[in-house]
Amino acid sequence: METKWMTKGNCRNKAPEVFFPSDGLGVEVAKKICETCKVKNLCLSHAIENRIDHGVWGGTSERQRRRLRKEQQLIAVGF
Ligand code: SF4
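Draft legend 1. Region of the structure containing the overall build of the protein chain. When helices and strands are tallied, the protein chain shows three helices and zero strands. Put simply, the protein chain runs from its N terminus to its C terminus through helices and strands in the order α-α-α. Computed over the C-alpha atoms, the radius of gyration of the protein chain is 13 Å, within 12% of the 12 Å expected from 2.2 N^0.38 for a compact globule of 79 residues. Counting only C-alpha atoms, the protein chain reaches 40 × 30 × 20 Å along its principal axes. Here the protein chain holds 79 residues, and 16% of them are scored as buried. Nonlocal contacts in the protein chain, meaning residues at least 24 apart in sequence, comprise 43% of its contacts between residues at least 6 apart.

Draft legend 2. Quick look at the site of the ligand. Neighbouring residues of the ligand: 13 residues in total, closest G9, C11, C34, C37 and C43. Elements that contribute at least two residues to the shell around the ligand include exactly α1 (24-35) and α2 (40-49). Split into classes, the residues belonging to the shell around the ligand amount to eight nonpolar, four polar and one charged.

Draft legend 3. Representation of unusual backbone geometry within the structure. The backbone phi angle of R51 is positive, close to 50°, even though this residue is not glycine. Among the structural elements, R51 can be located in the loop between α2 and α3 (62-76). The exposure class assigned to R51 is exposed, which follows from the 8 C-beta atoms found within 10 Å.

Draft legend 4. Here's a closer look at α3. With 15 residues, α3 extends 21 Å between its outermost C-alpha atoms, agreeing within 8% with the 21 Å of an ideal straight helix rising 1.5 Å per residue. Of all 15 residues that make up α3, one are buried, and the element is exposed over most of its length. G78 lies just past α3 and shows a positive phi near 95°.

Draft legend 5. Layout of the nonpolar core. Listed in full, the nine residues of the largest apolar core are F19, V27, A30, C34, V39, C43, A47, V56 and W57. Those elements that place two or more of their residues in this core are α1 and α2. With three residues, the top contributor of residues to this core is α1.

Draft legend 6. Seen up close, the environment of S22. Its place among the elements puts S22 in the segment before α1. Each C-alpha atom, one on S22 and one on G55, is 9.1 Å from the other, the two residues being 33 residues apart in sequence.

Draft legend 7. Structural view of the confidence of the model for the protein chain. When pLDDT is averaged across the protein chain, the result is 96; 100% of the residues are at 70 or more. Element-level mean pLDDT values for the protein chain span from 94 in α3 up to 98 in α1.

Cut-off values and rules
- Residues numbered from 1 in each chain as written.
- Predicted model: local features only at pLDDT ≥ 70, side-chain atom pairs only at ≥ 80, totals over all residues.
- Helix = DSSP H or I, 4+ residues; strand = E, 2+ residues; numbered from the N terminus.
- Rg over C-alpha atoms; globule rule 2.2 N^0.38 Å.
- Buried ≥ 20, exposed ≤ 12 C-beta atoms within 10 Å, placed from the backbone.
- Contact = placed C-beta atoms within 7 Å.
- Near = placed C-beta within 6 Å.
- Nonpolar A, V, L, I, M, F, W, Y, C, P; charged D, E, K, R; others polar.
- Expected span 1.5 Å × (residues − 1).
- Core = buried A, V, L, I, M, F, W, Y, C linked by C-beta atoms within 7 Å.
- pLDDT = per-residue confidence, 0-100.

So, in structure tokens, the structure goes:
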């Protein structure tokens, strides 16, 4: 698994806890940091492909990734 992109993320100098928030406000703070991240797409793909359920990755919340995964599954079966 290639993870060199992680060293280029906007989060590289932030406390990891920021990206594992306990409330909606924290999620929005983390998503704001991701907004301008150059490796956002790689980060999101990594989280989806590895079924990472916790935290904000690639500018998405846990709920958003669950929805994306469901949509991908529906597409895969032809809906
Ligand atoms: S998208 Fe967000 S969590 Fe992912 S590398 Fe960038 S800043 Fe970090």
